[in-house]
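Commentary on secondary and tertiary structure
Below are the chains, spelled out letter by letter.
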Amino acid sequence: MTHIGRKAWAMTGGRIPLRGNGPEPDYSSQDQICLLNAGPLDAKVEMTVFYADRDPVGPYRMSVPARRTRCVRINDLIDPFPVPLDTDYACLLHSDEPVVVQFLRRDTSQAENAWLNLSAMPVDG
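Residue positions are given per chain, counted from 1 along the sequence in the order it is written. In keeping with the model being predicted, local features are shown solely for residues with a pLDDT of at least 70 and side-chain atom pairs are shown and tallied solely at 80 or more, while totals for entire chains, interfaces and linings include all residues. Think of the side-chain values as coming from all heavy atoms in the structure, minus any hydrogens and water.

A separate point is the nonpolar core. Residues belong to a common nonpolar core when they are buried Ala, Val, Leu, Ile, Met, Phe, Trp, Tyr or Cys residues joined through side-chain atoms within 4.5 Å. Using a 1.4 Å probe on the protein chains alone, a residue whose accessible area is under 20% of its type maximum counts as buried, one over 50% counts as exposed, and one in between counts as partly exposed. Counting residues in each nonpolar core, the largest one holds 25 residues, and the members touching the most others are Ile33, Met47, Tyr89 and Leu93. Breaking this core down by element, the ones donating at least two residues are β1 (6–14), β2 (30–37), β3 (43–51), β4 (57–64) and β6 (89–107). Runs of E in the DSSP output that reach at least two residues are strands. Runs of H or I that reach at least four are helices, and both are numbered from the N terminus. Broken down by element, this core gets its largest block of residues, 6 residues, from β6. The contact partners of Ile33, leaving out residues within four places of it in the chain, are Met11, Met47, Met62, Arg70, Cys71, Val72, Ile74, Leu93 and Gln102. Here, two residues are considered to be in contact whenever any of their heavy atoms come within 4.5 Å of each other.

Right under this line is the structure:
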């Protein structure tokens, strides 16, 4: 199979609302990254999170097995530091193998909660 994807991706517009509109944990707001590794080798991915008013944090390390997909909740990332709620952020992801990245958001801060699904932006680098 031909490799698809890129080794570097950017995501902007991240923000996980502090409060949900319903019982926890079913109605927790969340941001996710979904990674597709369609290639024959496992991918090692590192993510750095950028903020408007503080230094970047990272790398957050994750892996995606060959020919598999993996979704990671940004809410669950704690090492090297938890991503704070109600704070604007952006991310850069670097992988040692080509991957495809999508960004998902579930905003439950209002009764009319919904999912948002966007492709991250592939970058050279």
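That was the structure; now back to the text.
Secondary-structure assignment places Asn37 in strand β2. Note on Asn37: relative accessible area 1%, which makes it buried. The contacts of Asn37, once residues within four sequence positions are left out, are Asp42, Ala43, Val64, Pro65, Ala66, Arg67, Arg68, Pro98 and Val99.

Turning to the state of the cysteines, a few remarks are in order. Joining two cysteines, a disulfide is a covalent bond between their sulfur atoms. Note on terminology: disulfide denotes any pair of cysteine sulfur atoms within 2.5 Å. A full pass over the atoms with the stated rule returns 1 disulfide. At a sulfur-sulfur separation of 2.4 Å, the disulfide partner of Cys34 is Cys71. Note on the Cys34 and Cys71 pair: the S-S dihedral is about 110°, so by sign convention the disulfide is right-handed. Placement of Cys34 in strand β2 and of Cys71 in strand β5 (residues 68–73) is noted, with a sequence separation of 37 residues between them. Judged by its relative accessible area of 11%, Cys34 is buried.

Okay, the pairing of β3 next. Burial along β3 is one-sided: Ala43, Val45, Met47, Val49 and Tyr51 are buried, while Lys44, Glu46, Thr48 and Phe50, pointing the other way, are not. When DSSP finds two or more bridges between a pair of strands, those strands are recorded as paired. In this sheet, β4 lies alongside β3 in antiparallel orientation, the contact comprising 6 bridges. Each residue of the ladder has a partner; that of Val49, found in β4, is Val57. From the end of β3 to the start of β4, which pair antiparallel, there are 5 residues.

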